[in-house]
Amino acid sequence: DAGVIQSPRHEVTEMGQEVTLRCKPISGHDYLFWYRQTMMRGLELLIYFNNNVPIDDSGMPEDRFSAKMPNASFSTLKIQPSEPRDSAVYFCASSADRGASYEQYFGPGTRLTVT
Amino acid sequence: QKEVEQNSGPLSVPEGAIASLNCTYSDRGSQSFFWYRQYSGKSPELIMFIYSNGDKEDGRFTAQLNKASQYVSLLIRDSQPSDSATYLCAVTPLGDYKLSFGAGTTVTVRA
């Protein structure tokens, strides 16, 4: 299995532009998570899906952020308009429900820089 | 109070020594506890999970959980330079799949 795939790996954009991050989870995994990591705030959960349905989006910072999962093999995280404070590494992770011992597999991340 | 707190680093240990990492959590209803390792510029990877009080050993790693004290720890025995990384403690609440992460402790193993 190729693992969790994220694209792009690096994104540099100007303030005010729309940014779309993409994720392909591991086949057969029914949970998908979007995280953001910064030096100041550490690793934060933004939103997670179960069977393509958003379960908890309480970590989404504001209305500029939106996430979708149109099918079991694809998810997007969109920021519109982007701001310099959105600069971070965004990770996608997926897991399968195996009770208390489930493991989340992380993708390589997208490093976003907003100038 | 943060949900998950880890002992501040960085932690520097000589090769072959034991590295001890600590983590406390605020939600007494937390169910499962995880230790992730993150190399610089890479994504986190799971190295241990524990959900019952006591010790759990996997190779050179031992996780210890004390739910009464809301405390989980990770011991790395016979530390190797390849163990140099940031170690993240993560906790899930009962009946949920959300992971709350601590800020991480950076470990450097000196050759």
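Residues numbered from 1 in each chain as written. Chains lettered and ligands numbered in written order. Predicted model: local features only at pLDDT ≥ 70, side-chain atom pairs only at ≥ 80, totals over all residues. Heavy atoms only, no water.

Chemist: Where do I start with the pairing of strand β4 (residues 30-38) of chain B in this structure?
Modeler: A regular strand places its side chains on the two faces of the sheet in alternate fashion. All names here are of chain B. Taking burial as the measure, the nine residues of β4 include eight buried ones, the bulk of the element. In this sheet, strand β9 (residues 85-93) lies alongside β4 in antiparallel orientation, the contact comprising eight bridges. Considered in β9, the bridge of Phe33 is made with Val91. Across five bridges, the pairing between β4 and strand β5 (residues 45-50) is antiparallel. (Buried < 20%, exposed > 50% of the residue type's maximum accessible area, 1.4 Å probe, protein only. Helix = DSSP H or I, 4+ residues; strand = E, 2+ residues; numbered from the N terminus. Pairing = 2+ DSSP bridges.)

Chemist: For this particular structure, what's the right way to read the state of the cysteines?
Modeler: Here, disulfide denotes a covalent bond that connects the sulfur atoms of two cysteines. All names here are of chain A. Taken as a whole and judged by the stated rule, the model has two disulfides over all chains. At a sulfur-sulfur separation of 1.8 Å, the disulfide partner of Cys23 is Cys92. Looking along the S-S bond of the Cys23-Cys92 disulfide, the torsion reads about -65°, which is the left-handed sense. Of this pair, Cys23 sits in strand β3 (residues 19-24) while Cys92 sits in strand β9 (residues 88-95), placing them 69 residues apart in sequence. (Disulfide = S-S within 2.5 Å.)

Chemist: Hey, could you run me through the packing of aromatic side chains in this one?
Modeler: For any pair of aromatic rings, geometry is given as the distance between the ring centres together with the angle between the planes. If you walk through the whole model with that rule in mind, you get 13 aromatic pairs over all chains. Judged by centre distance (5.2 Å) and plane angle (25°), the ring pair of A:Phe33 and A:Tyr48 falls under stacked. Of this pair, A:Phe33 sits in strand β4 (residues 31-38) while A:Tyr48 sits in strand β5 (residues 42-50), placing them 15 residues apart in sequence. Residue classification places A:Tyr48 among the buried positions, given a relative accessible area of 4%. Ring geometry for A:Phe106 versus B:Tyr36: centroids 5.7 Å apart, planes at 80°, classification edge-to-face. In this pair, A:Phe106 is assigned in strand β10 (residues 105-106) and B:Tyr36 in strand β4, connecting two distinct chains. Residue classification places A:Phe106 among the buried positions, given a relative accessible area of 10%. Residue classification places B:Tyr36 among the buried positions, given a relative accessible area of 0%. The structure contains a cluster of three or more aromatic residues connected by ring pairs, namely A:Tyr31, A:Phe33, A:Tyr35, A:Tyr48, A:Phe91, A:Phe106, B:Tyr36, B:Tyr97 and B:Phe101. (Phe/Tyr/Trp six-rings, centres within 6.5 Å; stacked < 30°, edge-to-face > 60°.)

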